[in-house]
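# Chains, contacts and geometry: an overview
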Amino acid sequence: MTTTTRPAPTFTGDSTGIHRLVGDVQRDDIPAYRCSTALANQALAALVAQQPHRLAPAAEGSVFAADPRRSATDPVPFLPRTRLLTPDEQRTAVERFARAVADGALTSGPAAAEFEDALAEFLTVPHAVATSSGTDALIIALRAVGVGPGDEVILPANSFAATENAVWACDATPVLVDVDPERLTLDPALVEAAVTPRTRAILPVHLYGRLADMTALAEIARHHGLHIVEDACQAIGVTGVGQHSDAAVLSFNPYKNFGLTGKAGAVVTRDGEIAEAARKLAYHGFDPERKNVKQDLFGLNAKIDNSTAAVAMGLLPRLTLNNYRRAFLAKRYLDGLADLAASGLAALPDFTPDHAWHLFGVRTTTGTAARDEIRRHLRTTGAVETDVYYPVLTHQQQTPMHRKHFAHLTLPLTEQAHATVFHLPLHNQMSLSEQDRVIEALHDAFRATAH
């Protein structure tokens, strides 16, 4: 691994920098970066500055996980729960939690504010409000920008239920709009067409970790006097999150890129008034400086626990290193599956700098039956577990409220993508040999199911 001496570019650990770093490593040509000192970038910055050779997959002491399987033919799980954290991360989490227990600082304590400050620094926003879950953060953010009874909020149909639930929780109405066929995120032109006098906010979802077209959505919001709350729960570290909206929402669920030992989330914003409103909404409507003194009529019990924040502070230094691992693995998938895309058998995502690679989706080009047959072959013959995110679209849920609002709604591009997409294993601790097995098995599955 060579290190060149051209003028030092800045490396902050955001998705643009990681995208560039993956290319540097693949070319075996890493410049002498000037690295951000943000806590979330600490582990990766140290490697870039002192041991850049370890970023390569074949290097001694490589940052990529060793294969825990006894045999190369053993199954490759989609997301093994026992490997959500490395042994070192597990020890850190246990030590941080034990310290909070010993101090009696379980619900309240200094770690919460420390975590908020560190998160805001990494994301280059002035304010972060840590919460007890990403779902609570969505509700808080929507309420903080003024969404309430009778309002409409524009959002996509392909997301986790928390996105729509946050709108229902504000006694507002979700308005579902189709997606851009390439990004699979809200189509700005269709968003603008859906605006009515009741529209209060736009709620884009950065699906699978890919940033929605925030520049276009921000222009629509300005033109119509609307608010934007980003559902960035899959997109921590993506360049631009929180920069073109009133607020962005993050999730630290154990299965996310930056996952903790329980549910947690955050609202991040550039607006001090929204941050103050979010703090009050997160804790019973209390004055943030005076517990038990209410400033607002209503608030949730949704502050992050100090013990959870303490764990977060222990794990945060590895955030961008884990995002680097995921981006490198995503590029290996794209390289290893390029022939399937070139032959027209599969549609693959683009390797773009606005992606956190929370999930890696593959779309078949011959319909749902072919998708399901390929998944069966991968499971039964290739011993590779796959999944579909999300199995039921919002407008196809069958509750009375969904039937009332969406019975006659069709979203052709969302439905087409949903009918053909499936997701390959991709997680922080995935080994290269596991990934090679997935690539080999997927080729076998396409060959075996060709008609």
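Our subject in this report is the structure included herewith. (Residues numbered from 1 in each chain as written. Predicted model: local features only at pLDDT ≥ 70, side-chain atom pairs only at ≥ 80, totals over all residues. Heavy atoms only, no water.)

### Section: the overall build of the chain
Helix and strand content of the chain: 16 helices and 16 strands. Relative to a compact globule of 451 residues, whose C-alpha radius of gyration would be 22 Å, the chain shows 22 Å and is just as compact. Across its three principal axes, the chain shows a C-alpha extent of roughly 60 × 55 × 45 Å. The buried share among the 451 residues of the chain stands at 56%. The contacts of the chain with a sequence gap of at least 6 include a subset with a gap of at least 24, amounting to 69%. For the chain, the accessible area works out to roughly 18800 Å², and carbon and sulfur atoms hold 52% of it. (Helix = DSSP H or I, 4+ residues; strand = E, 2+ residues; numbered from the N terminus. Rg over C-alpha atoms; globule rule 2.2 N^0.38 Å. Buried < 20%, exposed > 50% of the residue type's maximum accessible area, 1.4 Å probe, protein only. Contact = heavy atoms within 4.5 Å. Areas by Shrake-Rupley, 256 points an atom, 1.4 Å probe, with all protein chains shown as cover.)

### Quick word on the packing of helix α2 (residues 42-50) against helix α11 (residues 319-336)
Two elements in contact, α2 and α11, have axes separated by 5 Å at closest approach and are oriented at 70 degrees. The angle between α2 and α11 places the two elements in the roughly perpendicular class. Contacts from Ala43, Leu44 and Leu47 of α2 reach α11 at Thr320, Leu321 and Tyr324. Of the residues contributing to the contact of α2 with α11, the split by class is five nonpolar, one polar and no charged. (Axes fitted to C-alpha atoms, helices over the stretch in contact; angles between N-to-C directions. Parallel < 35°, antiparallel > 145°, perpendicular 65-115°, else oblique. Nonpolar A, V, L, I, M, F, W, Y, C, P; charged D, E, K, R; others polar.)

### Notes on the packing of aromatic side chains
Remark: the centre distance and the inter-plane angle together describe each pair of aromatic rings, the angle taken between the planes. Tallying each qualifying case throughout the model produces 14 aromatic pairs. Judged by centre distance (6.0 Å) and plane angle (25 degrees), the ring pair of phenylalanine 78 and tyrosine 389 falls under stacked. Of the two residues, phenylalanine 78 sits in the loop between α2 and α3 (87-103) while tyrosine 389 sits in the loop between α13 (368-380) and α14 (400-406), which places them 311 residues apart along the sequence. By relative accessible area, which is 22% here, tyrosine 389 ends up partly exposed. Ring centres of phenylalanine 115 and phenylalanine 258 lie 6.4 Å apart, and the angle between their planes is 35 degrees; on these two criteria the pair is classed as tilted. (Phe/Tyr/Trp six-rings, centres within 6.5 Å; stacked < 30°, edge-to-face > 60°.)

### A look at the pattern of salt bridges
Pairing between side chains becomes possible if they bear opposite charge and their charged atoms approach one another. In the structure shown here, the tally under the stated rule is 20 salt bridges. A salt bridge links aspartate 354 to arginine 183; the nearest nitrogen and oxygen atoms lie 3.3 Å apart. Note that aspartate 354 is positioned in the loop between β14 (346-347) and β15 (360-364) and arginine 183 in the loop between β7 (173-176) and α7 (188-194), a separation of 171 residues in sequence. On the basis of relative accessibility, which here comes to 14%, the residue aspartate 354 falls in the buried class. For aspartate 335, the salt bridge goes to lysine 331, with nearest N and O atoms at 2.8 Å. Of this pair, aspartate 335 and lysine 331 both sit in helix α11, four residues apart, which is roughly one turn of that helix. (Salt bridge = Lys/Arg side-chain N within 4 Å of Asp/Glu carboxyl O.)

### Let's talk about the sheet that holds strand β10 (residues 247-251)
One open sheet accounts for seven strands, arranged β5-β11-β10-β9-β8-β6-β7; its pairing is mixed. On the outer flanks of this sheet lie β5 (127-131) and β7, each paired with one strand and no other. Neighbour-to-neighbour, the strand axes of this sheet turn through a mean angle of 25 degrees, independent of strand direction. Judged from the four bridges that link them, strand β6 (residues 152-155) and β7 form a sheet pairing that is parallel. From the neighbouring strand, valine 153 faces β7, where its bridge partner is proline 174. Helix α9 (residues 272-282) contacts β5, β10 and β11 (265-269) of the sheet and is inclined by roughly 15 degrees relative to β5. (Pairing = 2+ DSSP bridges.)

### Thoughts on a nonpolar patch on the surface
Judged by side-chain polarity, Phe97, Val101 and Leu106 come together as a nonpolar surface patch covering roughly 240 Å² of accessible area. As for its placement among the helices and strands, phenylalanine 97 is situated in helix α3. (Patch = residues over 30% accessible without salt bridge, like charges linked within 9 Å, V, L, I, M, F, W, Y side chains within 5 Å.)

### Concerning α3
For α3, spanning 17 residues, the distance from its first C-alpha to its last is 24 Å, which sits close to the expected 24 Å at 1.5 Å a residue. Taken as a whole, α3 has its buried residues at Glu89, Thr92, Ala93 and Ala100. Looking straight down α3, one finds that the buried residues subtend no more than 100 degrees of arc, so they occupy a single side. Residues of α3 that are exposed and point over 90 degrees away from its buried face: Pro87, Val94 and Ala102. Following α3 by one or two positions, glycine 104 adopts a phi angle in the positive range, close to 70 degrees. (Expected span 1.5 Å × (residues − 1). Arc of directions from axis to C-beta.)

### Examining the sheet that holds strand β16 (residues 421-424)
Across the sheet, which stays open at both edges, the three strands sit in the order β14-β15-β16 with antiparallel pairing between neighbours. Each edge of the open sheet is held by one strand with a lone partner, namely β14 and β16. Where β15 and β16 come together, four bridges link them in antiparallel fashion. Opposite glycine 361, over in β16, you have histidine 423 as the bridge partner. Along the sheet face, α13 touches β15 and β16 and points at about 25 degrees away from the line of β16.

### Re the side chain of threonine 420
Within the fold, threonine 420 resides in helix α15 (residues 412-420). Within the structure, the side chain of threonine 420 is placed 3.0 Å from the backbone oxygen of glutamine 416, a separation counted as a polar contact. When sequence neighbours within four positions are dropped, the list of residues in contact with threonine 420 reads Val362, Arg363, Thr364, Gly367, Thr368 and Arg371. (Polar contact = N/O pair within 3.5 Å; in protein donor to acceptor, adjacent residues only side chain to side chain.)

### A short note on the side chain of arginine 325
Position of arginine 325 among the secondary structure elements: in helix α11. Here arginine 325 occupies a buried position and makes no salt bridge, while the nearest side chain of opposite charge, glutamate 89, is found at 5.4 Å. Residue contacts for arginine 325: discarding those within four places in its chain leaves Val63, Phe64, Asn428 and Gln429. (Lys, Arg positive; Asp, Glu negative; His and termini not counted.)

### Let's talk about the nonpolar core
Nonpolar side chains in soluble globular proteins tend to end up buried together. Phe115, Leu119, Ile202, Phe252 and Phe258 are the most contacted members of the largest nonpolar core, which has 55 residues in total. For this core, the element with the highest residue contribution is helix α4 (residues 110-123), accounting for eight residues. The residues touching leucine 119, leaving out its near neighbours within four places in the chain, are Ala128, Ile236, Leu250, Phe252, Ala266 and Val268. Counting residues in each nonpolar core, the second largest holds 46 residues, with Ala327, Leu340, Leu378 and Ala441 among its members. (Core = buried A, V, L, I, M, F, W, Y, C linked by side-chain atoms within 4.5 Å.)

### Some points on the environment of alanine 93
Mapped onto the elements of the fold, alanine 93 is located in helix α3. Each C-alpha atom of the pair alanine 93 and threonine 308 lies 9.1 Å from the other, and the pair is 215 residues apart in sequence.

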